[in-house]
Amino acid sequence: VPIHGKAGNINSALKFHIFAKKPPTENDVVIIFDADMKAHPNFLNHVMPYLEEDPMTALVQTPQHFFNVDHTGDVFNHQNSTFFFGVQTGLDAWRATVCCGTNFAVRAAPLAAVGWFPTESITEDFLLSLKLTASGWHCRYHGHVLTTGEAPEDLRQIFKQRERWCTGCFQVFFHREMWATLARLRWPQKLCFLNAPVGYVCSIVTLPVWLLVPALSLYDVHPVRALTPELVLLWCATYALMVAVCEAMPRRLNAAYCGFVASKANAAFWWCYAAALGAALVGLACPHRKATFQVTEKRSVAAAAAAA
């Protein structure tokens, strides 16, 4: 189904085939995997207890893991360890877990109640978790690797994938109904979901500032002219907050390394995020030019090399 991409295809299967004759019951569960993901044999043993123990749990997300990415050389931050083993565990504590589009289980009844997989954004996963949470359901996170997949290795596909993620996130928050949806959340949950677009905006803003300040200094234009007590206090507070966040990360993670990789990947993807913001704004002003879902091609370079 070319319309609405991934979300449209899944909705077509659910609405017109699987649940065409009768609506879903409270015991019906949908499991979603991307085509390049392979579930471990114990996947259901880990995720189903969340749904059995709490009738208000609608969705259970698990991490992504890739066989063709070296943890020590993951320059594009494919594994995203900081997010999957640090951020998501914190989001889960506030019942603000973000769905990541694959490796998750969702109850069919609440899925149908929110209109199935959303098509207002090309990141249907993020919007689905927002809608479920705003409707009073719980989205949970289980921080164990239960699937193995393939990350894109072609640079064009890597940048296309990250631009799609960012564009879809901005589409969510530019949509006229989303702020009413956010209003139904508790304040901690509002902050958790707003972190996504704010994080992208921060990446878009910071890199030009880093480049501009040294250049301006050559022309005797200095943004910081004196170390005032206020500036020192703000710097110390920011640094202390960064240290506290790193210390709060799980001990099994190398927080300093993960943070370094994540920050450098954000710098590398700066132009993708800027282009995504532009695409989302163009789609908002001219709906007929709205960005559409594009599949990330996987060429199995590592698999082919191993076979050879």
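What you are looking at is a predicted structure, and each value in this text was computed from that prediction instead of being measured. All residue numbers refer to position in the chain's written sequence, counted from 1. pLDDT decides what is reported in this predicted model: residues at 70 or higher carry local features, side-chain atom pairs at 80 or more are listed and counted, and totals for whole chains, interfaces and linings draw on all residues regardless. Hydrogens are left out, water is left out, and the side-chain values use all remaining heavy atoms of the structure.

Chemist: Before we go on, may I ask you to explain the overall build of the protein chain in this structure?
Modeler: Put simply, DSSP H or I for four residues or longer makes a helix, DSSP E for two residues or longer makes a strand, and each gets a number counted from the N terminus. The helix and strand inventory of the protein chain stands at twelve helices and six strands. The globule rule used here is 2.2 Å times the number of residues to the 0.38 power, and the radius of gyration it is set against is calculated over C-alpha atoms. Taken over the C-alpha trace, the protein chain has a radius of gyration of 21 Å; the compact-globule value for 308 residues is 19 Å, and the two agree within 12%. Note on classification: 1.4 Å probe, protein chains only; a residue is buried when its accessible area is under 20% of the maximum for its type, exposed when over 50%, partly exposed between these limits. When each of the 308 residues of the protein chain is scored for burial, the buried share is 41%. We call two residues in contact when some of their heavy atoms are within 4.5 Å. Nonlocal contacts in the protein chain, meaning residues at least 24 apart in sequence, comprise 80% of its contacts between residues at least 6 apart. By element, 64% of the accessible surface of the protein chain is carried by carbon and sulfur atoms, the whole surface being about 16,900 Å². Taking the average location of the 25 positive side-chain charges in the protein chain and that of its 22 negative ones, the two points are 5 Å from each other. Areas reported here follow the Shrake-Rupley algorithm with a probe of radius 1.4 Å; residue values treat only the protein chains shown as occluding. Neither His nor the chain ends contribute to the count of charged residues, in which Lys and Arg are positive and Asp and Glu negative. To locate a charge, the coordinates of NZ of Lys, CZ of Arg, CG of Asp or CD of Glu are taken.

Chemist: Sorry if this is basic, but what is going on with the pattern of salt bridges here?
Modeler: As a working rule, side chains carrying opposite charge can pair if their charged atoms are close by. A carboxyl oxygen of Asp or Glu within 4 Å of a side-chain nitrogen of Lys or Arg is what we treat as a salt bridge. Applying the stated rule across the entire model yields four salt bridges. Among the ionic pairs, K6 bridges to E124, the shortest N-O distance being 3.8 Å. Here K6, found in helix α1 (residues 5-18), pairs with E124, found in helix α5 (residues 124-134); they are 118 residues apart in sequence, far enough to count as distant. On the basis of relative accessibility, which here comes to 5%, the residue E124 falls in the buried class. The shortest N-O distance in the salt bridge between E120 and K131 comes to 2.7 Å. You can see E120 sitting in the loop between α4 (108-113) and α5 and its partner K131 sitting in helix α5, a full eleven residues away along the chain. Across this residue pair, the class does not change: E120 and K131 are buried.

Chemist: Hey, could you run me through the nonpolar core in this one?
Modeler: Where a protein is soluble and globular, its nonpolar side chains tend to be buried together. What is meant by a nonpolar core is a set of buried Ala, Val, Leu, Ile, Met, Phe, Trp, Tyr and Cys residues, joined one to another through side-chain atoms within 4.5 Å. One finds L130, V172, F193, F269 and Y273 to be the most contacted residues of the largest nonpolar core, which totals 35 residues. For this core, the secondary-structure elements that each account for two or more residues are α3 (81-93), α5, α6 (155-174), α7 (178-183), α8 (187-218), α10 (255-268) and α11 (270-285). No other element matches the seven residues that α6 contributes to this core. Here F193 is in contact with A96, T97, V98, F126, S129, L130, T133, F173, L182 and L185, once residues within four sequence places are set aside. Counting residues in hydrophobic clusters, the runner-up holds 19 residues, among them I10, V30, L128 and L132.

Chemist: Before we go on, may I ask you to explain the side chain of Q64 in this structure?
Modeler: In this fold, Q64 is placed in the loop between β3 (57-61) and α3. Polar contacts, as used here, are pairs of N or O atoms within 3.5 Å; protein pairs need one atom able to donate a hydrogen and one able to accept it. Residues neighboring in sequence count only if both atoms are side-chain atoms. At a separation of 3.5 Å, a polar atom in the side chain of Q64 contacts the main-chain carbonyl oxygen of C100. With sequence-adjacent residues up to four places away left out, Q64 is seen in contact with M37, Q79, F84, C100, T102 and N103.

Chemist: Would you explain the packing of aromatic side chains in this entry?
Modeler: The geometry of an aromatic ring pair is captured by the separation of the ring centres together with the interplanar angle, meaning the angle of the planes. Any two of the Phe, Tyr and Trp rings considered here, Trp counted by its six-membered ring, make a pair once their centres fall within 6.5 Å; the pair's planes then place it as stacked at under 30 degrees, edge-to-face at over 60, or tilted in between. Following the criterion strictly, the structure yields 16 aromatic pairs and no others. When the centroid spacing of 5.2 Å and the interplanar angle of 70° are considered together, the rings of F159 and F269 count as edge-to-face. Highlighted residues: F159 in helix α6 and F269 in the loop between α10 and α11, separated in sequence by 110 residues. Just as F159 is buried, F269 falls in that class too. Ring centres of F173 and W179 lie 6.1 Å apart, and the angle between their planes is 65°; on these two criteria the pair is classed as edge-to-face. A relative accessible area of 6% places F173 in the buried class. Taken together, the ring pairs in this structure connect F76, F159, F170, F174, Y200, F269, W271 and Y273 into an aromatic cluster.

Limitation: the analysis is restricted to geometry and does not speak to function.
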